[in-house]
Amino acid sequence: MNFLKSFPFFAFLYFGQYFVAVTHAATFDIVNKCTYTVWAAASPGGGRRLDSGQSWSINVNPGTVQARIWGRTNCNFDGSGRGNCETGDCNGMLECQGYGKAPNTLAEFALNQPNQDFVDISLVDGFNIPMEFSPTNGGCRNLRCTAPINEQCPAQLKTQGGCNNPCTVIKTNEYCCTNGPGSCGPTDLSRFFKERCPDAYSYPQDDPTSLFTCPSGTNYRVVFCP
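Residues numbered from 1 in each chain as written. Predicted model: local features only at pLDDT ≥ 70, side-chain atom pairs only at ≥ 80, totals over all residues. Heavy atoms only, no water.

- By the naming in UniProt, the protein chain goes by Pathogenesis-related protein R major form and is assigned to Nicotiana tabacum.
- According to UniProt, the comment filed for the protein chain under the heading Subcellular location is "Vacuole".
- Recorded in UniProt under Sequence similarities, the annotation for the protein chain is "Belongs to the thaumatin family." (UniProt positions renumbered as here; feature names shortened; annotations may be inferred.)

Quick look at the sheet that holds strand 9 (residues 131-135)
Thinking step 1. An order of 4-1-14-9-10 is seen for the 5 strands of this open sheet, with the pairing classed as mixed. The sheet is open, and its two edges are formed by strand 4 (55-60) and strand 10 (143-145), each paired on a single side. Across the sheet, the mean angle from the axis of one strand to that of its neighbour is 15 degrees, orientation sign disregarded.
Thinking step 2. In this structure, strand 9 lies alongside strand 10, joined through 3 bridges in antiparallel fashion. Its bridge partner lying in strand 10, Phe133 is registered against Leu143. (Pairing = 2+ DSSP bridges. Helix = DSSP H or I, 4+ residues; strand = E, 2+ residues; numbered from the N terminus. Axes fitted to C-alpha atoms, helices over the stretch in contact; angles between N-to-C directions.)

Concerning helix 6 (residues 188-196)
Thinking step 1. Every buried residue of helix 6 is accounted for by Leu189, Ser190, Phe192, Phe193 and Lys194.
Thinking step 2. Tucked inside the fold, the buried residues of helix 6 contact helix 3 (149-152), strand 12 (162-163), helix 4 (166-170), helix 5 (173-176) and helix 7 (207-210). (Buried < 20%, exposed > 50% of the residue type's maximum accessible area, 1.4 Å probe, protein only. Contact = heavy atoms within 4.5 Å.)

Overview of the packing of aromatic side chains
Thinking step 1. One pass over the structure, following the stated rule, counts 4 aromatic pairs.
Thinking step 2. Note on Phe192 and Phe193: the rings are 5.1 Å apart at their centroids and 80 degrees apart in plane angle, and the pair reads as edge-to-face.
Thinking step 3. Site record: aromatic cluster; members linked through ring pairs are Phe28, Phe109, Phe133 and Tyr220.
Thinking step 4. The cationic tip of Arg68 hangs over the ring face of Tyr99; the distance from NZ or CZ to the ring centre is 3.9 Å. (Phe/Tyr/Trp six-rings, centres within 6.5 Å; stacked < 30°, edge-to-face > 60°. Lys NZ or Arg CZ within 6 Å of the ring centre and 35° of its normal.)

Looking at the pattern of salt bridges
Thinking step 1. On inspection of all chains with the given rule, the structure shows 8 salt bridges.
Thinking step 2. A salt bridge links Arg68 to Asp125; its shortest N-O distance comes to 3.5 Å. With Arg68 in strand 5 (residues 67-77) and Asp125 in the loop between strand 8 (116-122) and strand 9, this residue pair connects regions lying 57 residues apart in the sequence.
Thinking step 3. Under the relative-accessibility criterion, Asp125 is labelled buried at 2%. (Salt bridge = Lys/Arg side-chain N within 4 Å of Asp/Glu carboxyl O.)

Notes on the nonpolar core
What tends to happen in soluble globular proteins is that the nonpolar side chains get buried as a cluster.
Thinking step 1. Counting residues in hydrophobic clusters, the biggest one holds 45 residues, and the most contacted among them are Phe28, Ile69, Phe109, Phe133, Ile149 and Phe224.
Thinking step 2. For Ile149, the residues in contact, after removing those within four places along its chain, are Leu123, Phe127, Cys163, Phe192, Phe193, Arg196 and Cys197.
Thinking step 3. Core analysis: the next-biggest nonpolar cluster, separate from the first, contains 5 residues, Ala41, Trp70, Cys96 and Leu106 among them. (Core = buried A, V, L, I, M, F, W, Y, C linked by side-chain atoms within 4.5 Å.)

Side note on the pairing of strand 4
Thinking step 1. Burial of strand 4 is one-sided: the residues Trp56, Ile58 and Val60 facing one way are buried, the residues Ser55, Ser57 and Asn59 facing the other way are not.
Thinking step 2. Of the strand pairs in this sheet, strand 1 (residues 26-32) and strand 4 are connected by 6 bridges, and their pairing is antiparallel. Within strand 4, the residue paired with Ala26 across the bridge is Val60.

Comments concerning unusual backbone geometry
Thinking step 1. Residue Pro44 follows Ser43 across a cis peptide bond; omega there is 5 degrees.
Thinking step 2. Mapped onto the fold, Pro44 is located in the loop between strand 2 (38-43) and strand 3 (46-50).
Thinking step 3. In this model, Ala102 is joined to Pro103 through a cis peptide bond whose omega is 0 degrees.
Thinking step 4. In this fold, Pro103 is placed in the loop between strand 6 (83-87) and strand 7 (106-110).
Thinking step 5. Even without a glycine there, the phi angle at Asn112 is positive, about 60 degrees.
Thinking step 6. Counting through the fold element by element, Asn112 comes out in the loop between strand 7 and strand 8.
Thinking step 7. For Asn115, which is not glycine, the phi torsion reads 65 degrees and is therefore positive.
Thinking step 8. Relative to the helices and strands, Asn115 is located in the loop between strand 7 and strand 8.

Right, dumping it as structure tokens:
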């Protein structure tokens, strides 16, 4: 799904990227607390296999926008890092060069825009793994989406290994907001996600209840199955 189409606020943040006030990269600690292997992915950052209990740290430059971290499940890669994943696959590559295929639970962020970071958990590309996205320093809130969404997923959104967002399946403005700001609102299907994960984006224009800020210079932790 096109990121800017799904998250119009980032179109504005993009033009603010030259306001870089902090010179140090932000550190993101990515931790797998699931009982199963997760192939973590980051854009920018690449990808890494994380068995249960393992972690991976990446540094992201100040001014970075349109960035995201997610987990992939049931992957198989050969010695050259080529293969596929049941959920979150990024063009068949272990080291991701772009975004992942829905469904995938997303931690999204834009750094220094200006003097503050914008962060969110998004289910606009659906749900595959429970997630927590939290600061490791600074004074901003922890974001969590840990409900059993895969088990409770409506029949029309169920897919192998996860739960699709309605836009992925139905592809109309009602669910995708393709006609621009103010062209859509909550639906019964988006409310399914919002009721279970009130911190997270449930549809593309869910900004008022789902977009949060942290001071620039904050470091973060993304936990799968917290």
